[in-house]
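Chain and residue survey
The lines below spell out each chain.
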Amino acid sequence: MNSEEEFYDAETGLESDDSCEVSFKDALVSGSCASQQNGVWERRKTLPAVMISRNNFSVWSILKKCIGMELSKIAMPVEFNEPLSFLQRFSEYMEHTHLIHQACSLSDSIERMKVVAAFAVSAVASQWERTGKPFNPLLGETFELVREDEGYRLISEQVSHHPPISAFHAQSLKQDFEFHGSIQPKLKFWGKSVEAEPKGIMTLELLKHKEAYTWTNPMCCVHNIILGKLWIEQYGTVEIINHSTGDKCIMNFKPCGMFGKELHKVEGYIQDRSKKKRSVIYGKWTECMYSVDPKVYEAFKKSDKKMGSDSQKVKREHDCEGEEADELPEVQETVTVIPGSALLWRITPRPLHSAQMYNFTSFAMTLNELEPGMERLIAPTDCRLRPDIRAMENGDIDLASSEKERLEEKQRAARRERSKDEEEWSTRWFHLGMNPYTGAEDWLYTGGYYDRNYTDCPNIY
């Protein structure tokens with residue numbers, strides 16, 4: 001195997017496709033051992049086993065030769081992982097779908113932009129304290145998420161392995177919205193930290209309002225990979241554009257800063273087509289987001305700055321940079337609410353046992369669950385059927401490791417066969433096209449997934 005192969009073999013409009021659709025609800029089977037409450041099936045609230053121990057695992061032995069390299073090209077031991085595929089991980093964007101429904105119900109475009117901005121922040125909130133790496137999807141792997149109670153369904157597919165690219169498409173069951181995008185994650189190790197760049201455009205279409213919003217997600221950094229307590233920050237500018245009205249929201253995800261006081265903070269403003277500031281939004285991506293009138297915000301900041309100059313003489317916060325490790329700054333548990341502000345979003349509290357379950361949210365806890373009747377409905381490429389992820393979720397690290405190696409070798413062998421036959425890989429549910437709003441290259445949903453015809457799906461497991 002050449003070095004190129006080794007690098008890339010890490011774990012690695014509304015369509016009318018409803019005619020043959022079958023829902024999970026229609027497929028519930030009697031006598032199931034799944035949780036039942038008054039005869040109604042309930043999603044699980046915990047994982048089958050607690051998080052695997054990493055005490056006897058040397059991260060440095062793996063990463064010491066990887067400084068400055070892109071980690072998606074390096075085969076990683078399963079101990080680095082959490083028991084979810086990357087396709088499932090970014091499906092967590094949908095945890096706060098109620099915000100999209102709320103935006104659909106609003107008549108004013110600036111009010112809609114406020115809620116869309118809150119949704120964009122909420123979409124990355126699940127990354128807080130999630131220091132495990134999701135499994136890299138295999139080429140052709142898919143993930144389907146249907147939430148009839150929340151009014152949407154989502155399909156995602158790993159459309160490229162070299163470079164790794166994942167595409168997704170979510171749609172309202174009542175044809176209120178479509179949310180879609182493609183992501184090319186890039187991970188780099190910088191000695192003490194791992195930096196993740198989620199390359200790709202998010203597109204949200206509010207169909208009733210004939211509006212389309214686009215944005216890119218912020219950078220993410222995991223500190224103290226080698227030594228000390230792991231902690232996460234997200235930083236960078238996120239610009240949301242309403243391509244129909246010309247309104248924009250520019251948000252700054254603030255880096256930790258010299259004394260840690262900016263950690264997790266998000267601040268920004270909404271401007272209309274004439275570039276007039278219409279609203280300020282602020283908060284923390286780990287907690288909540290508020291909106292307030294720009295004049296009220298500026299007056300508060302001036303007053304706060306005058307008071308803060310005195311208090312800084314008394315109180316000094318910890319620096320983010322330590323000599324041996326990137327010291328975790330003290331985090332204030334609440335956002336200072338400016339009088340006259342309106343709450344846009346508040347994070348859903350994590351379950352009490354989250355720390356023993358890879359710091360999963362309640363939503364994440366359900367993503368790899370095989371609901372009653374689901375196995376005979378979903379595509380055979382769905383990552384719920386991946387044996388290495390299933391074994392890790394069940395606490396069997398040896399089986400997870402051996403299955404991961406088997407799947408990687410199977411993927412290599414399939415690629416060699418295609419190369420020998422001069423055969424190009426053909427995606428099943430998405431095609432490469434142009435984003436109609438940005439003009440950039442994007443992976444677009446082809447349609448047909450929910451017809452449930454999976455006879456030509458590849459055998460990847």
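Refer to the structure printed above.
Below or above, wherever it landed, is the structure these notes cover.

Some thoughts on the overall build of the protein
Looking only at helices and strands, the protein has nine helices and 20 strands in total. Burial analysis of the protein (461 residues in total) assigns 53% to the buried set. Accessible surface computed for the protein: about 21400 Å², of which carbon and sulfur atoms make up 51%.

Things to note about the pattern of salt bridges
Two side chains that carry opposite charge are able to pair once their charged atoms sit near each other. The final tally for this structure, using the stated rule, is 26 salt bridges. Glu111 is paired through a salt bridge with Lys114; the nearest N and O atoms lie 2.9 Å apart. With Glu111 and Lys114 both in helix 5 (residues 109-122) and three residues apart, this pair spans about one turn of that helix. Residue classification places Glu111 among the partly exposed residues on the basis of a relative accessible area of 34%. Under the relative-accessibility criterion, Lys114 is labelled buried at 12%. With a closest N to O distance of 2.9 Å, Glu409 and Arg412 form a salt bridge. Highlighted residues: Glu409 and Arg412, both in helix 9 (residues 397-420), separated by three residues, approximately one helical turn. What makes Glu409 partly exposed here is its relative accessible area of 33%. Salt bridges here are not isolated pairs; linked through shared partners, they connect Lys404, Glu408, Glu409, Arg412 and Arg416.

Some remarks on the nonpolar core
Judged by nonpolar contacts, the single largest core of 76 residues is most densely connected at Phe177, Phe179, Leu204, Trp215, Ile240 and Met251. If you tally residues by element for this core, the top one is helix 5, at nine residues. Not counting residues up to four positions away in its chain, the partners in contact with Ile240 are Met113, Val116, Ala117, Ala120, Tyr213, Thr214, Trp215, Asp247, Lys248, Cys249 and Met251. Judged by nonpolar contacts, the second largest core, of 16 residues, contains Ile155, Ile378, Phe430 and Tyr450.

Conventions used here
Residues numbered from 1 in each chain as written. Predicted model: local features only at pLDDT ≥ 70, side-chain atom pairs only at ≥ 80, totals over all residues. Heavy atoms only, no water. Helix = DSSP H or I, 4+ residues; strand = E, 2+ residues; numbered from the N terminus. Buried < 20%, exposed > 50% of the residue type's maximum accessible area, 1.4 Å probe, protein only. Areas by Shrake-Rupley, 256 points an atom, 1.4 Å probe, with all protein chains shown as cover. Salt bridge = Lys/Arg side-chain N within 4 Å of Asp/Glu carboxyl O. Core = buried A, V, L, I, M, F, W, Y, C linked by side-chain atoms within 4.5 Å. Contact = heavy atoms within 4.5 Å.

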